[in-house]
Number of protein chains: 2
Amino acid sequence: MTITGKGARRTRRSPQERRRQLLDLGRELAAEASLENVTIEKVAERAGVSRALIFHYFASKQDFHQAIVREQIALMVERTAPPDDVEDPIAMLSSSMEAYLDYVEEYADDYVGVLRGTLSADPALRQVVDEARLAMIRRILERVPVLGLEVTPAVQLAVQSWIAFVEDVVVRWVAEKDVTREQVHGILVGSLPALAGAASLVN
Amino acid sequence: MTITGKGARRTRRSPQERRRQLLDLGRELAAEASLENVTIEKVAERAGVSRALIFHYFASKQDFHQAIVREQIALMVERTAPPDDVEDPIAMLSSSMEAYLDYVEEYADDYVGVLRGTLSADPALRQVVDEARLAMIRRILERVPVLGLEVTPAVQLAVQSWIAFVEDVVVRWVAEKDVTREQVHGILVGSLPALAGAASLVN
């Protein structure tokens, strides 16, 4: 590859832009199949750069994969944010859960891998996932009073652990597919008020 | 140790008895603190045998620990079996959950370790835990009709994932202790009919 004159200006990127480009390509390759599809070779080829350049931005393939998973999880938190223009808490939850299931369907392999597979053994990724859970829990707890429930320690605990229920439902659904997406959505939306309600009865 | 005449008969054990003795000692040492407390040295000392003999029964310390965890999990399944003499399903569930919380309190460190810690990365132990979950799920599903609910695929999925909810509640409770044991018990007992009920409304 010879870089001359204008061409050089067109393809020269700031380190930040280059990192972003590599991550975007990585995410793209992951979305086509799964993280295993993201090899340094393929990314180098698509980006038109050398393998060495990629290792300038990411210490190892594992490091690159980790960065991609961080992006995926950030995307999940972003997409499942409850809509601003909906006031009914159940409609809000329903909309969030649709967005969540869209995400799950798009990134099924990697998401299940992060929750249950080899990726789940990586302490750095566990922390990323825990932070995403915390963000989602915080959002829900802010809205529990709209359901007419007091946020007691028992309700708080039940809402936190509802996330574990949701993840388990989704992991089983992806593996078995013996219920429809609509049924999964119904279970997810119905389960939160059911659990919060049951916990609110605990003295 | 000199073994002669009658003494030899008293302390000679069949390989099966010896293995059992070593496992029991291992469980005992684990119950005093956690699995980390179970070193080959301590077990050898308490059993009055050589380290080499222990390695005759267990290939490695990891292998020995794995066998102890299997015993612990089997104990959990055994102890949480619903009582035969109780007919009301909620009373049955309540009694199972008391037994489960007894177990959790007794083996907190190892149980949390198996569910969330380094032990959870061990595929053989994951399988042990999965089998225990299956046994518990099967027991519950057999009794769901007593609640007046049909076991639809959605109800089945919700009951399966209720186990993930229960485990998460318990892991958080052990770590934080910001609710009482009675409150945790109330959450666990209330959550199963709440989730099964919510899932039964899904078409």
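Only a predicted model underlies this, so the values are computations on that prediction, with no experimental measurement involved.

(A) Quick look at the side chain of Ser 191 of chain A. As for its position among the elements, Ser 191 of chain A is in helix α10 (residues 181-200). A distance of 2.9 Å separates a polar atom in the side chain of Ser 191 of chain A from the backbone oxygen of Leu 188 of chain A. Not counting residues within four places of it along the chain, the set of residues in contact with Ser 191 of chain A comprises Trp 162 and Phe 165 of chain A together with Leu 195 and Ala 198 of chain B.

(B) Looking closely at unusual backbone geometry. All names here are of chain A. The phi dihedral of Lys 177 is positive, around 50°, even though this residue is not glycine. As for its placement among the helices and strands, Lys 177 is situated in the loop between α9 (153-176) and α10. Owing to a relative accessible area of 46%, Lys 177 belongs among the partly exposed residues under this scheme.

(C) Summary view of the relation of the copies chain B and chain A. Once chain B is rotated about the relating axis by 180° and shifted along it by 0.0 Å, it coincides with chain A to within an RMSD of 0.0 Å. Taken together, these values place the two copies in the relation of a two-fold axis. Most of the interface of chain B is mirrored in chain A, where 100% of its interface residues again form contacts.

(D) Spotlight on the interface of chain B and chain A. Contacts between the two partners involve 32 residues from chain B and, on the opposite side, 32 residues from chain A. Here chain B meets chain A over a buried area of about 2400 Å², counting both sides, of which 72% is carbon and sulfur. On the chain B side of the contact with chain A, Leu 157, Phe 165 and Arg 172 of chain B bury the most area, a combined 22% of that side's loss. Where chain B meets chain A, there are 0 salt bridges. Seen at the junction of chain B and chain A, the total is 6 residue pairs in polar contact (both at pLDDT 80 or more). Taken together, the elements giving at least two residues each to the side of chain B that touches chain A come down to α8 (123-143), α9 (153-176) and α10 (181-200) of chain B. For the side of chain B that touches chain A, the leading source of residues is α9 of chain B, giving 12 residues. A class-by-class count of the residues in the side of chain B that touches chain A yields 18 nonpolar, 9 polar and 5 charged.

(E) How the structure looks around the side chain of Asp 168 of chain B. Within the secondary structure, Asp 168 of chain B sits in helix α9. By relative accessible area, which is 9% here, Asp 168 of chain B ends up buried. Beyond its immediate sequence surroundings of up to four residues, Asp 168 of chain B is in contact with Gln 160, Ser 161 and Ala 164 of chain A together with Arg 116 of chain B.

Here is what the cut-offs are and how they apply
Residues numbered from 1 in each chain as written. Chains lettered and ligands numbered in written order. Predicted model: local features only at pLDDT ≥ 70, side-chain atom pairs only at ≥ 80, totals over all residues. Heavy atoms only, no water. Helix = DSSP H or I, 4+ residues; strand = E, 2+ residues; numbered from the N terminus. Polar contact = N/O pair within 3.5 Å; in protein donor to acceptor, adjacent residues only side chain to side chain. Contact = heavy atoms within 4.5 Å. Buried < 20%, exposed > 50% of the residue type's maximum accessible area, 1.4 Å probe, protein only. Least-squares fit on C-alpha atoms with pLDDT ≥ 70 in both. Buried area = accessible area lost by both parts, 1.4 Å probe. Salt bridge = Lys/Arg side-chain N within 4 Å of Asp/Glu carboxyl O. Nonpolar A, V, L, I, M, F, W, Y, C, P; charged D, E, K, R; others polar.

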